[in-house]
Amino acid sequence: MTAYSIDATARRATAKPRDAAFYQNPYSFYAELHRGAPTFLWEDYGHWCFSGFKDVSALLRDKRFGREILHVMTREELGWAAPKDHTAAFDRTEKYSLLALEPPAHTRLRTLVNRAFVSRNVEQLRPRIEKLANETIDSFESDGGVELIKAFAAPIPAVVIAEMIGLPADMAPQLLNWSNRMVQMYMYRVTHETELDANQASEDFMAYLREVIAERRRAPREDLLTHMLTADPVDGQKLSEDEVISTAILLLNAGHEATVHTTGNAVKTILESGLDPSRLFANEAQTAATVEECLRFDAPLHMFTRYALSDIEYEGATFKKGEVIGLMLGAANRDPARFKEADMFDPFRPDGANVSFGAGIHFCIGAPLARIELQVALATLFKRLPTVRLAAEPSYNNVYHFHGLERLDLSW
Ligand code: HEM
């Protein structure tokens, strides 16, 4: 039995996000969508989805659609239940998250965060990331094999983002614990226990950050936390403590998971391709192109949604205010209308591009950092372990939209 069905004439499809046969390889579904129904109603989600590169790129930039809806409609109008008391701490961390805001609130916060973010030129972090990658490989090189996600892909970005924010590297495991428990809230069908646990993690995380912020106010340092606390005002307003806390938590949550998954997916892709890694990382320009092709070929985040902020007509389809649409980044990256041999991994392709970091006002603020982390981590790994190979068939996590490996067993 196939994992999905598509009715191209009716422009409807079913594919169960929790069905292993589907999420282990969503690309055959995407290929069929591109052939017959790039825009379709995904019955399991109950909303329209777009898989074409042109549509996804255009809709990410279309200001008539937003990530948030409560600034233009009430919960009653949307038929939503009231916020839950037992997730109040989690909701508070979300309240000032860039990903939960739309202009003008988003513009002000993003400008302030961005200033702080780019003022520490992320390029300067390259030597530190190289050192981290080498030290991490030192710790397992003589074993002749490793489970890469836990031993290499996860710790590097956690330490990098913790240090950049201004938190000690030895706090990285605790930060990850809070972060992992909080991101459970974005999964499909969240249980009451998960909500309680995510809320507790949010409370503990906020309490910890409040302590560090108090220290930074007493003794400022050269770190992102201090930069955010002291950034010049935009529209007469500085960042409030709650905004600084939300942003620090978002950077950790958003910045970690996707980088870990991209590292794992990229190593799997390269090893399965049979291409010679020394050619893929031969110089800086080729290393950057290889990373971009890895991001295109097996993106870590496959779908983001948007709300129609008013009644909208787009390419002959109509959307009512408050209606949700799905933008399929992972599918857009494989659109044959945009890429020659779209289903082939080719780090030397002349038509390289991808929407893995999104586009428009929510374009990933961490993209320059993620790119450096990936370039350094992958180039170092393949240089240090030239005979590395897959030791077991890799399998993906059971969450369709967070497309990353459960484990990646390697040997050399
Ligand atoms: C390969 C790694 C990464 C990928 C694929 C990725 C992908 C994305 C995507 C697709 C979005 C936009 C979501 C939307 O439009 O709905 C986004 C936003 C964001 N990302 Fe990343 N990301 C990565 C790494 C990072 C890192 C390292 C950081 C932080 C250090 C980060 C911080 C953020 C933030 C703060 C936003 C929200 C921006 C806004 O709403 O204005 N990301 N990311």
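Structure shown above.
The following refers to the structure shown. Everything numeric in this text was worked out from a predicted model, so none of it was measured.

### Here's the deal with the overall build of the chain
Here's step 1: On a plain count of helices and strands, the chain comes out with 17 helices and 14 strands.
Here's step 2: Along the three orthogonal principal directions, the C-alpha set of the chain runs to about 65 × 60 × 40 Å.
Here's step 3: When burial is assessed residue by residue, the chain has 53% of its 412 residues classed as buried.
Here's step 4: Taking the contacts inside the chain whose residues are at least 6 apart along the sequence as the reference set, 72% of them involve residues at least 24 apart.
Here's step 5: When the 45 positive and 57 negative side-chain charges of the chain are each reduced to one mean point, those points stand 3 Å apart.

### Notes on the coordination of the iron atom of the ligand
Here's step 1: Coordination of the iron atom of the ligand by the protein comes from a single atom, Cys-364 (SG), at 2.3 Å.
Here's step 2: Within the secondary structure, Cys-364 is located in the loop between helix 16 (329–332) and helix 17 (367–384).

### Comments concerning the packing of helix 9 (residues 155–165) against helix 13 (residues 241–273)
Here's step 1: Interhelical geometry of helix 9 versus helix 13 gives an angle of 155° and a closest axis separation of 9 Å. With respect to helix 13, the element helix 9 is oriented roughly antiparallel. Both helix 9 and helix 13 take part in a crossing whose hand is right-handed. Contacts between helix 9 and helix 13 involve Pro-157, Ala-158, Ile-161 and Ile-165 from the former and Ala-248, Leu-251, Leu-252, His-256, Thr-259 and Val-260 from the latter.

### Describing the sheet that holds strand 14 (residues 409–411)
Neighbouring strands of a sheet are bound in pairs by backbone hydrogen bonds; such pairs are parallel or else antiparallel.
Here's step 1: Taken in spatial order, the 3 strands make up an open sheet running 6-14-11, and their pairing is antiparallel. Every other strand in the sheet has two partners, leaving strand 6 (145–147) and strand 11 (389–390) as the edge strands with one partner each.
Here's step 2: Both strand 11 and strand 14 contribute to a ladder of 2 bridges, which runs antiparallel. Looking at the pairing, Arg-389 lines up with Ser-411 of strand 14.

### Quick look at the pattern of salt bridges
Here's step 1: Applying the stated rule across the entire model yields 24 salt bridges.
Here's step 2: Here the salt bridges share partners, and the residues they tie into one network are Arg-92, Arg-210, Arg-217, Glu-241 and Asp-242.

### Observations regarding the pairing of strand 7 (residues 303–308)
Here's step 1: Here strand 5 (residues 65–66) pairs with strand 7 via 2 bridges, running antiparallel. Looking at the pairing, Gly-66 lines up with Tyr-307 of strand 7.
Here's step 2: Pairing of strand 7 with strand 10 (residues 324–328), which is carried by 5 bridges, proceeds in the antiparallel orientation. From the neighbouring strand, Phe-304 faces strand 10, where its bridge partner is Leu-327.

### Regarding the site of the ligand
Here's step 1: The local shell around the ligand holds 29 residues, among which Arg-67, Arg-110, Arg-306, His-362 and Cys-364 are the closest.
Here's step 2: For the ligand, an oxygen atom lies 2.7 Å from a polar atom in the side chain of Arg-110.
Here's step 3: Elements supplying a minimum of two residues to the shell around the ligand: helix 6 (105–119), helix 13, strand 7 and helix 17.
Here's step 4: Per-element accounting of the shell around the ligand gives the leading share, 7 residues, to helix 13.
Here's step 5: Each residue belonging to the shell around the ligand can be placed in one class, and the counts come to 18 nonpolar, 8 polar and 3 charged.

### As for the nonpolar core
Here's step 1: Ranked by size, the top nonpolar core spans 88 residues in total, and within it Phe-152, Ile-165, Leu-167, Leu-175, Leu-225 and Val-267 carry the most contacts.
Here's step 2: With 12 residues, the top contributor of residues to this core is helix 13.
Here's step 3: Non-local contacts of Leu-225, meaning those with residues more than four positions away in its chain, are made with Ile-165, Leu-167, Val-212, Ile-213, Arg-216, Val-244 and Ala-248.
Here's step 4: One finds Leu-59, Ala-308, Ala-342 and Ala-359 within the second-largest nonpolar core, a separate group that totals 19 residues.

Rules used throughout
- Residues numbered from 1 in each chain as written.
- Predicted model: local features only at pLDDT ≥ 70, side-chain atom pairs only at ≥ 80, totals over all residues.
- Heavy atoms only, no water.
- Helix = DSSP H or I, 4+ residues; strand = E, 2+ residues; numbered from the N terminus.
- Buried < 20%, exposed > 50% of the residue type's maximum accessible area, 1.4 Å probe, protein only.
- Contact = heavy atoms within 4.5 Å.
- Lys, Arg positive; Asp, Glu negative; His and termini not counted.
- Charge placed at Lys NZ, Arg CZ, Asp CG, Glu CD.
- Donors = N, O, S within 2.8 Å, 3.2 Å for Na, K, Ca; no water.
- Axes fitted to C-alpha atoms, helices over the stretch in contact; angles between N-to-C directions.
- Parallel < 35°, antiparallel > 145°, perpendicular 65-115°, else oblique.
- Left-handed = near helix turned anticlockwise from the far one by under 90°.
- Pairing = 2+ DSSP bridges.
- Salt bridge = Lys/Arg side-chain N within 4 Å of Asp/Glu carboxyl O.
- Near = heavy atom within 4 Å.
- Polar contact = N/O pair within 3.5 Å; in protein donor to acceptor, adjacent residues only side chain to side chain.
- Nonpolar A, V, L, I, M, F, W, Y, C, P; charged D, E, K, R; others polar.
- Core = buried A, V, L, I, M, F, W, Y, C linked by side-chain atoms within 4.5 Å.

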